[in-house]
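Examining the three-dimensional arrangement
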Amino acid sequence: MADTRVTRAGRHSYNTRSNRIRTIRTPGGRYVAQKIKKTTKGPRCSDCKCSLPGIKHLKATAYKNLKKREKTVSRAYGGSTCGGCVKQRIVRAFLLEEQKAVKKLLADRASSKK
């Protein structure tokens, strides 16, 4: 049976969260340790704190190298709020305007009766 043991590259050999490795077999038949990058939670919705679909989960410093279209979604509040929350805001604003219009209409009717 082939020996699949590997030596960790770097200074400390402990299997910590920041020092994880994946054992990879090279085309030459050797087994080497490949460092695994930590994954991030990615951008979150400012209202409901859910993950924003359509935007990559990268480290904060890696976003500066991306194109604008990779950092946002082409919608109002694109890179900061999810679609459901934007829809909720629009409906709420519309209903408030309708309520104001109804109040004004009722006030006009009440004043014309007098």
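Rules of the game
Residues numbered from 1 in each chain as written. Predicted model: local features only at pLDDT ≥ 70, side-chain atom pairs only at ≥ 80, totals over all residues. Heavy atoms only, no water. Helix = DSSP H or I, 4+ residues; strand = E, 2+ residues; numbered from the N terminus. Buried < 20%, exposed > 50% of the residue type's maximum accessible area, 1.4 Å probe, protein only. Contact = heavy atoms within 4.5 Å. Salt bridge = Lys/Arg side-chain N within 4 Å of Asp/Glu carboxyl O. pLDDT = per-residue confidence, 0-100. Pairing = 2+ DSSP bridges. Patch = residues over 30% accessible without salt bridge, like charges linked within 9 Å, V, L, I, M, F, W, Y side chains within 5 Å. Areas by Shrake-Rupley, 256 points an atom, 1.4 Å probe, with all protein chains shown as cover. Phe/Tyr/Trp six-rings, centres within 6.5 Å; stacked < 30°, edge-to-face > 60°. Lys NZ or Arg CZ within 6 Å of the ring centre and 35° of its normal.

Topic: the environment of isoleucine 55
- Position of isoleucine 55 among the secondary structure elements: in the loop between strand 2 (31-35) and helix 1 (68-71).
- Relative accessible area serves as the criterion here: at 6%, isoleucine 55 is assigned to the buried category.
- Once the C-alpha coordinates of isoleucine 55 and leucine 96 are considered, the two residues, 41 residues apart in sequence, prove to be 32 Å apart.
- Not counting residues within four places of it along the chain, the set of residues in contact with isoleucine 55 comprises Pro43, Tyr63, Glu70, Lys71, Thr72, Val73, Gly78 and Gly79.

As for the pattern of salt bridges
- Scanning all chains against the criterion turns up four salt bridges.
- Aspartate 3 is paired through a salt bridge with arginine 5; the nearest N and O atoms lie 3.0 Å apart.
- Of the residues examined, aspartate 3 reaches a relative accessible area of 47% and is grouped as partly exposed.
- Judged by its relative accessible area of 69%, arginine 5 falls in the exposed class.
- For lysine 56, the salt bridge identified is with glutamate 70, shortest N-O distance 3.9 Å. One end of the pair, lysine 56, is in the loop between strand 2 and helix 1; the other, glutamate 70, is in helix 1, with 14 residues separating them in the sequence.

Here's the deal with the confidence of the model for the protein chain
- Overall, the prediction assigns the protein chain a mean pLDDT of 93, with 99% of residues at 70 or greater.
- Here helix 1 is the element of the protein chain with the lowest mean pLDDT, 92, and strand 1 (residues 21-25) is the one with the highest, 95.

Notes on the pairing of strand 2
- Bridge count between strand 1 and strand 2: five bridges; the pairing is antiparallel. Along strand 2, the bridge assignment pairs arginine 22 with glutamine 34.
- Counting the residues between successive antiparallel strands, the hairpin from strand 1 to strand 2 contains five residues, one of them, glycine 29, with a positive phi of roughly 95°.

Focus: a nonpolar patch on the surface
- On the surface, Val91, Phe94 and Leu95 cluster together into a nonpolar patch covering about 300 Å² of accessible area.
- Inspection of the secondary structure puts phenylalanine 94 in helix 2 (residues 83-113).

A short note on the packing of aromatic side chains
- One pass over the structure, following the stated rule, counts zero aromatic pairs.
- In this structure, arginine 89 packs its charged tip against the face of tyrosine 77, placed 4.6 Å from the ring centre.

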